[in-house]
Structure formats: C-alpha cells, structure tokens
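Summary of structural features
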Amino acid sequence: MTSSSPAVGKPPAPTSPLPPELANSLSPNTASTTGPQEPVRAGHCACGHVSYQVSGIPDDPHLCSCERETRVSGGPAVLWVGFPKDSLIWTGSGGEPNWWYPYPALRCGFCPACGSQLVSIANDSDMAMVTGFSLADQSGIEPLGHSFREHAVPWLHITLAPAPRTPHPAPRTGSWA
Ligand SMILES: [Zn+2]
C-alpha cells in the first residue's frame, strides 16, 4: 500500500477560475437546467445498470496514472473531466452507484454490477469528476494534463498500437450508446 501519500488520486483543482459570466451560469440555482449554454451529456457504466447526466462546460479534462486509479481501471490511465457537482443526476434503473472512499473527503462511485468507475467527488470541490469514457459524447474532453505522469508506464506514449489480429468480441449487452 502507498496510502502514506495523501494526494494520491485526488483530482487536481481547476487550474483557472471560470469567467464571471460563466460561473454565474453554472450556479447551483441554474446548473440543472438545460439552457443552450449548458449542454447536457449522458453517461453510463459498461453494463448499463447505472447511468447519469451532467451539464455545463467540461472542466480540467486530464489523465491520471496514480496507482489507485490504474488498479481500479485496469489500464495505464483514467481520463477525468469535471462538471458542476450540482448538475450530476443519476438517471438509470440502478439509481446511485456504490461508493467507496479512498480518502475520507473523496468518494468514488462505481456500478455494483459491472464495476465500472464513473465519478470521483471531493468534498471541497464544486465539481464532480466523471470518467471521460463513460460519456456518450466525448467531444471537447481531450486531456490537457496528466496527473501522476511520473507513475505512468513508459510505453504510454504509444497512442495507436497496431491493430490486433483478431477483432474485439462484440459487447454482450446492447447498452453501448
Ligand atoms: Zn454496470
């Protein structure tokens, strides 16, 4: 365990404050509305049991390669992107995900059926970080940074490896939006 490092896995704070007119439009009173300035995005887990929606301008899209998240995801990095915490709504039949607390002030939501990690919410942040690949619309969330880059595997710079000889099997459910 490397739990001695208090910062492991904690999403970084937004690097720049929102301009006043935008911050105003994302206030708790209006964040759950669906006005034209606040596009709604839907997301769901791999099996479709837990789904959600968020709205607002994507904030601080970044990769993270901390030990916790690579273990949870089974991959070399997780793509996180923030949306106003107040805009997060659980929309699927499964309701809220299960929660686990890597730290007392940080909770992570995952599907109890398939294990997909969906959100990470820090108590002291107005943003909910969602996993970029759980979103149906992944436009505009290209990562702008890489947390714990020094922990990343050295081959991560290989972004497009050769295609496999055998195609990936088709998904078992039809919930791939
Ligand atoms: Zn699931």
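Calculation notes
- Residues numbered from 1 in each chain as written.
- Predicted model: local features only at pLDDT ≥ 70, side-chain atom pairs only at ≥ 80, totals over all residues.
- UniProt positions renumbered as here; feature names shortened; annotations may be inferred.
- Pairing = 2+ DSSP bridges.
- Helix = DSSP H or I, 4+ residues; strand = E, 2+ residues; numbered from the N terminus.
- Axes fitted to C-alpha atoms, helices over the stretch in contact; angles between N-to-C directions.
- Buried ≥ 20, exposed ≤ 12 C-beta atoms within 10 Å, placed from the backbone.

- Per an unreviewed UniProt entry, the protein chain is named Aldehyde-activating protein, and its organism is Streptomyces diastaticus subsp. diastaticus.
- In its Sequence similarities (unreviewed entry) section, the UniProt entry covering the protein chain states "Belongs to the Gfa family."

1. Describing the sheet that holds strand S6 (residues 98-103)
- Ordered by their spatial adjacency, 7 strands build an open sheet running S6-S7-S8-S9-S4-S3-S10, and the pairing between neighbours is mixed. Each end of this open sheet is capped by a strand with a single partner; those strands are S6 and strand S10 (145-147). Adjacent strand axes in the sheet meet at a mean angle of 30° when their direction is disregarded.
- Looking at chain direction, strand S3 (residues 59-64) and S10 are connected through 3 bridges and run parallel. Residue pairing in the sheet places Leu63 in a bridge with His146 of S10.

2. Points about the pairing of strand S4 (residues 78-84)
- Burial of S4 is extensive: 7 of the 7 residues sit out of reach of the surface.
- Note that S4 and strand S9 (residues 127-131) share 5 bridges and pair antiparallel. By the bridge assignment for S9, Trp80 is matched with Thr131.

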